[in-house]
Amino acid sequence: MGMLLALAERKYCSSSIWRDLLRGVVHAKAFHKKEETLRKLKEKVAFRNPDEFYFQMIKTRIVDGVHKPENQVNKYTQEEPMLMKTQDIGYILQKLQSERKKVEKRTAVLHSVDNRPSNRHIYYAEDMEEARELLSQASETIVTPLSGDIPYHIKRKTTASFRELEARKSRVNQLDKLYMEMSLKKELHV
């Protein structure tokens, strides 16, 4: 590489010769790197222990020159799959109940946002003069903003909350169907 730099510094060779020399150096380095890797692998094979043993050696068979794992058909006893299905049903039921609680909470929060609360208060007055006074006080109170007066970022968050509520409701429906299906299968197999 030093010689190539010296040639480039002296400007004796054109740019095409410089590129050809540089490509040759890169190619030679890649070739020697591959050669060294192959040498190390051959050395590893030469020093391999012939008595070396792995459990995978007895758990596989060679079929048409390809290692295939043995069939594990009877991996579980007859009771174990039923136990696993029961645990799956329990997990689905737990998720279903959790999602239902989340839907109830979200619905309760959004219920007050969706419907404008009524600001009707019932006042009791003893005579007409006191009734007029209470009516004038009630008209001076602050009116809650209409839906058109709500800022954009609040409307956007409310819309996102409603979308999340709908997604959760559909998830509850899916989980409910899955739970019913799994429990029906369990009952039919017993």
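Residues numbered from 1 in each chain as written. Predicted model: local features only at pLDDT ≥ 70, side-chain atom pairs only at ≥ 80, totals over all residues. Heavy atoms only, no water.

(A) Region of the structure containing the pairing of strand E1 (residues 60-63). Bridge count between E1 and strand E2 (residues 66-69): four bridges; the pairing is antiparallel. Paired with Val63 across the strands is Val66, a residue of E2. Joining the antiparallel neighbours E1 and E2 is a turn of two residues, in which Asp64 adopts a positive phi near 55 degrees. (Pairing = 2+ DSSP bridges. Helix = DSSP H or I, 4+ residues; strand = E, 2+ residues; numbered from the N terminus.)

(B) Main features of a nonpolar patch on the surface. Judged by side-chain polarity, Phe53, Phe55 and Ile58 come together as a nonpolar surface patch covering roughly 350 Å² of accessible area. If you trace the backbone, Phe55 turns up in the loop between helix H2 (15-46) and helix H3 (56-59). (Patch = residues over 30% accessible without salt bridge, like charges linked within 9 Å, V, L, I, M, F, W, Y side chains within 5 Å. Areas by Shrake-Rupley, 256 points an atom, 1.4 Å probe, with all protein chains shown as cover. Salt bridge = Lys/Arg side-chain N within 4 Å of Asp/Glu carboxyl O.)

(C) View of the side chain of Glu99. Tracing the sequence through the fold places Glu99 in helix H4 (residues 79-114). Glu99 sits in the buried class, given a relative accessible area of 7%. (Buried < 20%, exposed > 50% of the residue type's maximum accessible area, 1.4 Å probe, protein only.)

(D) Geometry of helix H6 (residues 152-189). Along its 38 residues, H6 runs 55 Å from first to last C-alpha, staying within 8% of the 56 Å computed at 1.5 Å per residue. All of the buried residues along H6 are Thr158, Ser161, Leu165, Val172, Leu175 and Ser183. (Expected span 1.5 Å × (residues − 1).)

(E) Summary view of the nonpolar core. With seven residues, the main nonpolar core is built from Ile92, Leu96, Val103, Leu110, Leu165, Val172 and Leu175. Secondary-structure elements contributing two or more residues to this core are H4 and H6. The biggest single contributor to this core is H4, with four residues. Excluding residues that lie within four positions of it along the chain, Leu110 makes contacts with Ser161, Phe162 and Leu165. (Core = buried A, V, L, I, M, F, W, Y, C linked by side-chain atoms within 4.5 Å. Contact = heavy atoms within 4.5 Å.)

(F) Structural context of the pattern of salt bridges. By the definition in use, this model includes eight salt bridges. Arg168 is the partner of Glu164 in a salt bridge, and the nearest nitrogen-oxygen pair spans 3.3 Å. Taken as a pair, Glu164 and Arg168 lie in helix H6 at a separation of four residues, close to a single helical turn. Glu181 is paired through a salt bridge with Lys185; the nearest N and O atoms lie 3.9 Å apart. Taken together, the residues Glu181 and Lys185, both in helix H6 and four residues apart, mark about one turn of the helix. What you see here is one network of salt bridges that share partners, running through Glu99, Arg106, Glu164, Arg168 and Arg171.

Remember that the coordinates give geometry; whether it matters functionally is a separate question.
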